[in-house]
Amino acid sequence: MITRILALAAAVVVLGTAPVGAFDGEKALHEAAKKEKELTWYTAHYNSETAAALCQGFEKKYPGVKCNYVRTTAQVAYQRLAQDHKAGIAQASVISSTDQGHYTKMKQDGWLLPYKPKNLSELVEAFKPFNDPDDQFVATAAGLVLITYNTSVVAPSEAPKKWTDLADPKWKNKVSIGHPGFSGYVGTWVVQMKKLYGWDYFKKLEQNKPRIGRSINDTVTMLNAKESLVAAGPSATTLESKAKGNPLAVVYPEDGAVLMVSASGIVKNAPAPNAAKLFMEYLLSREGNEVVVSQYQDPVNKHVKPMAGGKSIAEVKTIRPSLAEIEKGIPEVKELFRETFGI
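For every chain, the first residue of its written sequence is number 1, and the numbers climb from 1 along that sequence. Reporting of local features is limited, given that this is a predicted model, to residues whose pLDDT is at least 70; pairs of side-chain atoms are given and counted only at 80 or more, and all residues count toward the totals for whole chains, interfaces and linings. To get the side-chain values, all heavy atoms of the structure are used, and hydrogens and water are removed first.

Participant: Explain the nonpolar core to me, please; I cannot follow it from the model alone.
Facilitator: Most often, soluble globular proteins keep nonpolar side chains buried together rather than apart. In this description, a nonpolar core means a group of buried Ala, Val, Leu, Ile, Met, Phe, Trp, Tyr and Cys residues linked to one another through side-chain atoms lying within 4.5 Å. Buried residues are those whose accessible area, probed at 1.4 Å on protein chains only, stays under 20% of the maximum for their type, while exposed residues exceed 50% and partly exposed ones sit between those limits. The biggest cluster of nonpolar side chains holds 47 residues, and the ones touching the most others in it are Leu-39, Trp-41, Leu-54, Phe-58, Phe-127 and Phe-279. Secondary structure elements are defined from DSSP: runs of H or I of at least 4 residues count as helices, runs of E of at least 2 residues count as strands, and each element is numbered from the N terminus. Elements represented by at least two residues in this core include exactly α1 (26–36), β2 (38–43), α2 (48–61), β6 (138–150), β11 (257–267), α9 (273–284) and α10 (286–294). In terms of residue count, the dominant contributor to this core is α9 (eight residues).

Participant: Honestly, the pairing of β6 in this entry has me stumped. Any pointers?
Facilitator: Where a strand is regular, its side chains alternate between the two sheet faces. Burial within β6 is extensive, with 13 of its 13 residues counted as buried. When β6 meets β11, the two strands line up antiparallel, connected through seven bridges. Directly across from Ala-141, in β11, lies its bridge partner Ser-262. Paired strands, in this sense, are two strands between which DSSP finds at least two bridges. Alignment of β6 against strand β10 (residues 248–251), held across four bridges, turns out to be antiparallel. Looking at the pairing, Asn-150 lines up with Leu-248 of β10.

Participant: Would you mind going over unusual backbone geometry with me for this structure?
Facilitator: Most peptide bonds are trans, and most residues other than glycine sit at a negative phi. Of note in this structure, Lys-209 is not a glycine but carries a positive phi near 50°. The topology assignment puts Lys-209 in the loop between α6 (200–206) and β8 (211–212). Positive phi outside glycine occurs at Tyr-296, with the angle close to 70°. As for its position among the elements, Tyr-296 is in the loop between α10 and β12 (311–312).

Participant: Where do I start with α2 in this structure?
Facilitator: Here, expected helix span is obtained from the residue count minus one, scaled by 1.5 Å. Over its 14 residues, α2 runs 20 Å from end to end, which matches the ideal 20 Å to within 8%, given 1.5 Å per residue. Taken together, the buried positions of α2 are occupied by Thr-50, Ala-51, Ala-52, Ala-53, Leu-54, Cys-55, Gly-57 and Phe-58. Those residues of α2 hidden inside the fold are in contact with β2, β3 (66–71), α9 and α10. Residue contacts are counted whenever heavy atoms from the two residues lie within 4.5 Å of one another.

Participant: What is the right way to read the pattern of salt bridges from this model?
Facilitator: Between side chains of opposite charge, a pair can form as their charged atoms come close. What makes a salt bridge here is a side-chain nitrogen of Lys or Arg within 4 Å of a carboxyl oxygen of Asp or Glu, nothing more. Under the defined criterion, the tally for this structure stands at 14 salt bridges. Residue Glu-325 pairs with Lys-195 through a salt bridge whose shortest N-O separation is 3.1 Å. Of this pair, Glu-325 sits in helix α11 (residues 323–341) while Lys-195 sits in helix α5 (residues 184–197), placing them 130 residues apart in sequence. Residue classification places Lys-195 among the partly exposed positions, given a relative accessible area of 48%. The shortest N-O distance in the salt bridge between Glu-240 and Lys-244 comes to 3.5 Å. Through salt bridges that share partners, Glu-26, Lys-61 and Glu-287 make up one connected network.

Participant: What am I meant to see in the environment of Ser-93 here?
Facilitator: Along the polypeptide, Ser-93 turns up in the loop between α3 (74–87) and β4 (94–96). Sequence spacing of Ser-93 and Thr-140 is 47 residues, and the spatial spacing of their C-alpha atoms is 16 Å. Ignoring anything within four residues of it in the chain, the contact list for Ser-93 reads Leu-39, Thr-40, Gly-265, Ile-266, Val-267, Ala-270, Pro-271, Ala-272 and Ala-276. Any pair of nitrogen or oxygen atoms within 3.5 Å is treated as a polar contact; in protein, a donor-acceptor pairing is required on top of that, and neighbouring residues in sequence qualify only through side-chain atoms on both sides. Polar contacts involving the side chain of Ser-93 include one to the main-chain amide nitrogen of Ala-272, which spans 3.2 Å.

Participant: How do you make sense of α3 when you look at a structure like this?
Facilitator: Working note: α-helix, 3.6 residues per turn, so residues spaced by three or four point in the same direction. Here α3 is 14 residues long and its end C-alpha atoms lie 20 Å apart, about the 20 Å a rise of 1.5 Å per residue gives. Those residues of α3 that fall on the buried side of the exposure criterion are Ala-74, Gln-75, Ala-77, Tyr-78, Leu-81 and Asp-84. Looking at the buried positions of α3, the neighbouring elements they touch are β2, β4, α4 (100–108), α5, β11 and α11.

Participant: Help me understand the layout of surface pockets in this model?
Facilitator: Over the atoms, a rolling probe the size of a water molecule traces out where space has been left empty. Throughout, the protein atoms alone are placed on a 1 Å grid, and a set of points is a cavity if a 1.4 Å probe fits but cannot get out or a pocket if it is open with protein on both sides within 12 Å along at least five of seven lines; lining residues have an atom within 4 Å of a point. Grid points are joined across faces, edges and corners, and a volume is the space filled by probe spheres set on the points. When its volume is computed, the largest pocket comes out at roughly 230 Å³. In terms of lining residues, the largest pocket is bounded by 13 residues, among which Asn-47, Glu-49, Asn-217, Thr-237 and Glu-240 are the most central. For the lining of the largest pocket, the secondary-structure elements that each account for two or more residues are α2, α7 (218–224) and α8 (235–243). Counting residues per element, the lining of the largest pocket draws most heavily on α8, at three residues.

Participant: Can you walk me through the confidence of the model for the protein chain in this structure?
Facilitator: Keep in mind that low pLDDT regions are not for reading the predicted coordinates in detail. Confidence scores per residue from the predictor, reported as pLDDT, run from 0 to 100. Here the protein chain averages 91 in pLDDT, while 91% of its residues score no lower than 70. In the predicted structure, residues 1–19 sits below a pLDDT of 50 and forms 67 contacts with residues beyond four places in sequence or in another chain.

Participant: Sorry if this is basic, but what is going on with the state of the cysteines here?
Facilitator: A disulfide bridge is the covalent bond that connects two cysteines by way of their sulfur atoms. Whenever a pair of cysteine sulfur atoms sits within 2.5 Å, that pair is classed as a disulfide. As enumerated under the stated definition, the model contains one disulfide in all. For Cys-55, the disulfide goes to Cys-67, at an S-S distance of 2.1 Å. Between Cys-55 and Cys-67 the sulfur-sulfur dihedral comes to about -40°; the bridge is accordingly left-handed. Taken as a pair, Cys-55 in helix α2 and Cys-67 in strand β3 lie far apart in primary sequence, 12 residues in all. For Cys-67, a relative accessible area of 5% translates into the label buried.

Participant: What am I meant to see in the side chain of His-179 here?
Facilitator: Positionally, His-179 belongs in the loop between β7 (175–177) and α5. Those residues in contact with His-179 that sit more than four places away from it in its chain are Val-186, Ile-212, Gly-213, Arg-214, Phe-337, Arg-338 and Ile-343.

Shown next as structure tokens:
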């Protein structure tokens, strides 16, 4: 069972004690990357602040290689890459989607360059089954979807305790969610809810007239603005906002927190393939994951400890659709969602 993902609740980073060492061939790869000068990263992982911090950390560790990031929702990142391919444009060198089905499609379409990172041994063991056996994509990010709420208007005793509580009429006009047509996190969550409770769950939820954002991170903004009082939201961004002093809290649902493990891959026509390989190494490295933790996100490097005060996944009931269920389910639920919610 996964033991290293934590929901983060404090602002003190506790780092691992193992020494940080160079991987085999790092110097030569850095020199090759410097000749390419820069790379562009299409990413749906994390929020914009964390993406920026990772690029800054990468540039500091590897001087002479500039990191440009384009942070969007998963569907937009994939569509952007598809448009690049159609137009014969080679812009992105690395893509990080949160929709697992994108990787199956990109692999089938020959869009990805096989690369087995030297830092793969640093990855949490429980995440390795999510890697491609042909080395075309590797798990580089993880997180949870939880019930979230604004503590200035909802007491802990009144907060929803399980996913079905969000459909209770007491939360009419007070719920926010993301859209599976844009967010891979939301797509996976919707597939899991349909698996647990059938589509009637969303028909009932629609009667509460939820506010619907594109990204799952939009639920954090809506809670802070009191546009909604409860939500299906991300663990990391919600707890990051809480740590900044906003009145937010999370509930680990009795029926299970939805586990997200997201991959990254190198684009086959990458204009900077060596910089892309170096960046993949960085995403798995201890330094890169220390940056991730400092941004209230969950580490995937087994030597990097979550923040003090975090709750171990071992203490949390987690649920997640299978890869086959995600690949088949997300396209289906996107259509059902539009029919039910009219958006």
